[in-house]
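Residue-level listing of the chains:
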Amino acid sequence: MKKYISVFIKIIVCIFIVINLTSCWGAHELNKLAIVMGVGIDKGKANDMVDITVQVAKVLDIKSSPKGSSGSVGGSDSGYLNLEEKGRSISQAVKNINRKINRKLFFSHNQVIILGKDAAEAGISKYIDFFLRYRENRLLVWVIVAKGSAAEMLDIKPGLETTPGRSIGELIRNQEEDTSLMPAVELKDFASRLMSKTTSPIAPIIEVSKEDKKKTVYLSETAVFKKDKMVGTLDKKETRGLLWVINKVKDGVITVSMPDDKDKVDIETTHVSSKITAEIKDNKPKMKIEIKQEGDLQEQTSAEDFANPKAFAILEKSEEDIIKEEVISSLKKSRELNADTFGFGDIIYEHYPKQWMEMEKNWDEIFQKIQVDVSVHSKINRTGRITKPIMSPDK
C-alpha cells in the first residue's frame, strides 16, 4: 500500500512540474518593439494639454551605421526617431503615438525624463504620476529640466552616442562620478522629495551651447522646486554646497588659492561623508551639519613644497573654509527661495514627531530663522606619484 501511495505522490509532483513548465509569460519580441531612449515633456498651448516627445532607437540604423555617427531625424543614417504627440495626460499622448506606429513603445530602456521649463514652472505632479505607475518604466531613470523646451534637447545630434537620450544619460552619469558639480537625480529620489511635505525636489538643468555653429548640450544649473513647481535655481557653487550636505559628492576638485592669489593648488576629493542632526531646546529647533572630506593633491602651480605636515595643515584649513562657504551660500539661496532643499523638516519629524506637529504649519517661517551649525573636517592623504614640485623656486 505504501508503495502505491509513494508512486501516486510522485505522479502528482510530476504533473505540477509539467504545468509550471510553460512558455515565457508576457514575452516581447524585439522586432515588434519601439525601444524608448528618452522622453521630453512640454506644457501644451492649452492649459489642460501636454506635448510629449518620445525618442526611439532605430536599431537597424544603429547596427549598420559607423560607430558614433548620427543623422537628422528621419534620415537614413539616423540612429533615432523622435515622435511627438499631444494629449490631456501622458498616458493619452502615449496611446496616440502607439496608434501611429507599427510597434509598441517599450520604456524599460528609457534613459531620461526631460521636463521643459514651462512645464516645470506650471507644476509637474500630473506628469510624474504616469512614470511611477507604469510598470515598464524604471525608477532609476534620470530626471532633468530643460532650459527651453524638452523637445529641443532630444533633437541635438550626439557626438559619441547613437541617440541623444543615451548621450544625455551618460552625461549625467559622468558628471556624478567625476565632477559632482550638478545633482544626478533618479526618478525614485525625485518622487520621494516630491511626496515629502517639506523637502524641496531638485534636478539638474540642461541647456544648449553653440560652439563653431555646432549645438551641444551641457548641465548648467540646478532647478529647485517648491512642492511641484520650479521656483528658482542654484549655481554651481550653491549646488555643490547642497551636495556636500546631502552626501552626494563622489569626486571633484577643490581649488585652493595661495596667499599671493597667483598660485593655485587643486585637491581631488576621494571620500566624503556627511551627517545632519536635529536638536530642540526651549522649543527652538537647531540643525547641525558635520562634513568629513578626504582628498589627494592633484596639481599645483607653485614651487612650494607641500609634502610636509605643516603645509598639509594649511591646505586642509583652506579646504574646510571653502566647503563651509559653499554650504552657507547654498543655505542662503535656499532661504531666499523659501525651499527646504536640505530636508531639515523631514529630519526633525523623524526624531521629534510630537514637536513637529506644532512646527509643521509654520515651517516656512521656522526654516528662515532656524539655527544651522556647520563643521567641516578635511584631510589630505597623498601627493600623487611625486612629492617635490616640478617648478623651480627661482621662477
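Look up a bit, the structure's there.
What counts, and at which threshold
- In this numbering scheme, every chain counts its residues from 1 along its sequence in written order.
- Thresholds applied to this predicted model are a pLDDT of at least 70 for local features of residues and 80 or more for the giving and counting of side-chain atom pairs; totals over whole chains, interfaces and linings are not thresholded and use all residues.
- To get the side-chain values, all heavy atoms of the structure are used, and hydrogens and water are removed first.
- Runs of H or I in DSSP of at least four residues are treated as helices and runs of E of at least two as strands, each being numbered from the N terminus.
- In what follows, residue pairs with any heavy atoms lying within 4.5 Å of each other are defined as contacts.
- Pairs were defined over the aromatic rings of Phe, Tyr and Trp, the Trp ring being its six-membered one, requiring ring centres within 6.5 Å. Orientation was assigned from the angle between planes: stacked under 30 degrees, edge-to-face over 60, tilted for the rest.
- Working definition: with a 1.4 Å probe on protein chains only, accessible area under 20% of the residue-type maximum means buried, over 50% means exposed, and in between means partly exposed.
- The patches reported here contain residues having more than 30% relative accessible area and no salt bridge. Joining distances are 9 Å for like charges and 5 Å for nonpolar side chains (Val, Leu, Ile, Met, Phe, Trp, Tyr).
- All accessible areas in this document rest on Shrake-Rupley with a 1.4 Å probe, and a residue is counted as covered only by the protein chains that are shown.
- Any carboxyl oxygen of Asp or Glu within 4 Å of a side-chain nitrogen of Lys or Arg constitutes a salt bridge here.
- Paired strands, as defined in this entry, are two strands with at least two bridges between them according to DSSP.
- Think of each axis as a best-fit line through the C-alpha atoms, taken over the contacting stretch in the case of a helix, with angles from 0 to 180 degrees between the N-to-C directions.
- Read the arc as the range of directions from the helix axis to the C-beta atoms.
- Here, the term nonpolar core denotes a set of buried Ala, Val, Leu, Ile, Met, Phe, Trp, Tyr and Cys residues that are joined through side-chain atoms within 4.5 Å.
- Any residue outside Ala, Val, Leu, Ile, Met, Phe, Trp, Tyr, Cys, Pro, Asp, Glu, Lys and Arg is labelled polar, Gly included; the first ten of those are nonpolar and the last four are charged.

Undergrad: Would you mind going over the environment of Lys 215 with me for this structure?
TA: Relative to the assigned elements, Lys 215 resides in strand β8 (residues 214–226). When the C-alpha positions of Lys 215 and Ile 156 are compared, they lie 6.6 Å apart, and in sequence the two are 59 residues distant. Dropping the residues within four chain positions of it, Lys 215 is found in contact with Glu 152, Ile 156, Lys 157, Val 208, Ser 209 and Lys 210.

Undergrad: For this particular structure, what's the right way to read the packing of aromatic side chains?
TA: Aromatic ring pairs are defined here through the distance separating the ring centres and the angle between the ring planes. The full count for this structure, using the stated rule, is nine aromatic pairs. Taken together, a centroid distance of 6.3 Å and an interplanar angle of 50° make the contact between Phe 344 and Phe 367 tilted. On the criterion of sequence distance, the pair formed by Phe 344 in helix α11 (residues 344–351) and Phe 367 in helix α13 (residues 363–369) is long-range, its members being 23 residues apart. Of the two residues, Phe 344 and Phe 367, neither departs from the other in class, the shared state being buried. Each ring, one from Trp 363 and one from Phe 367, has its centre 6.2 Å from the other, and the planes form 45°; the classification is tilted. One end of the pair, Trp 363, and the other, Phe 367, are both in helix α13, four residues apart, so they sit about a helical turn from each other.

Undergrad: So what exactly am I meant to see when it comes to unusual backbone geometry here?
TA: In this structure, Ser 180 is a non-glycine residue whose phi angle is positive, near 55°. Its location among the elements puts Ser 180 in the loop between α7 (164–178) and α8 (187–195). On the accessibility criterion, Ser 180 (1% relative accessible area) is buried.

Undergrad: How do you make sense of a nonpolar patch on the surface when you look at a structure like this?
TA: Side chains of Ile 5, Ile 9, Val 13 and Ile 17 sit close together on the surface and give an oily, nonpolar patch of about 340 Å² of accessible area. Structurally, Ile 5 can be placed in helix α1 (residues 2–20). When its relative accessible area of 44% is taken as the criterion, Ile 5 is described as partly exposed.

Undergrad: Help me out: how do you make sense of the sheet that holds strand β12 (residues 284–300) in this one?
TA: Strand pairs in the sheet, formed through backbone hydrogen bonds, run parallel or antiparallel to each other. Read from one edge to the other, the open sheet built from four strands follows the order β10-β11-β12-β13, with strand pairing classed as mixed. The open sheet has two edge strands with one neighbour each: β10 (253–257) and β13 (371–382). Taking the axes of each pair of neighbouring strands and ignoring which way they run, one obtains an average angle of 35° across the sheet. Where β12 lies against β13, 11 bridges are found, and the strand directions are parallel. Along β13, the bridge assignment pairs Ile 291 with Val 376.

Undergrad: Looking at this structure, I do not really get helix α5 (residues 125–133). What am I missing?
TA: Quick reminder: α-helices carry 3.6 residues per turn. Residues three or four places apart thus point the same way. Taken residue by residue, α5 has Tyr 127, Ile 128, Phe 130 and Phe 131 as its buried positions. Summarising the axial view, the buried residues of α5 lie within an arc of 150°, below the 170-degree limit, and thus occupy one face. Exposed residues on α5 whose side chains face more than 90 degrees from its buried face are Lys 126 and Arg 133. Where α5 is buried, its residues meet β1 (33–43), β2 (50–57), α3 (90–98), β5 (112–115), α4 (117–122) and α8.

Undergrad: Looking at this structure, how should I read the pairing of strand β6 (residues 142–146)?
TA: Burial analysis of β6 places five of its five residues in the buried class, which makes it a mostly covered element. Side-chain alternation along β6 places Trp 142, Ile 144 and Ala 146 on one buried face and Val 143 and Val 145 on a second face that is also buried.

Undergrad: What should I look at first to understand the pairing of β10 in this one?
TA: Burial along β10 is one-sided: Ile 254 and Val 256 are buried, and none of Val 253, Thr 255 and Ser 257, which face the opposite way, are. Across five bridges, the pairing between β10 and strand β11 (residues 264–281) is antiparallel. Bridged to Ser 257 within β11 is Lys 264.

Undergrad: Just to check I follow, could you spell out the nonpolar core for this structure?
TA: Nonpolar side chains tend to gather and get buried jointly when the protein is soluble and globular. By size, the foremost hydrophobic cluster in this structure holds 80 residues, and its most contacted members are Leu 105 and Phe 344. For this core, the leading source of residues is helix α10 (residues 309–337), giving seven residues. Sequence-distant contacts of Leu 105, that is, excluding residues within four places in its chain, are made with Ala 34, Val 36, Val 54, Val 56, Leu 83, Val 94, Ile 97, Asn 98 and Glu 136.

Undergrad: Before we go on, may I ask you to explain the packing of α3 against α5 in this structure?
TA: Helices that pack against each other are described as a pair by the angle of their axes relative to one another and the distance between those axes. Look at α3 against α5: their axes get within 9 Å of each other, and the N-to-C directions meet at 65°. Touching Ile 90, Ser 91 and Val 94 of α3 are Tyr 127, Phe 130 and Phe 131, all from α5. Of the residues in the contact of α3 with α5, the class split is five nonpolar, one polar and no charged.

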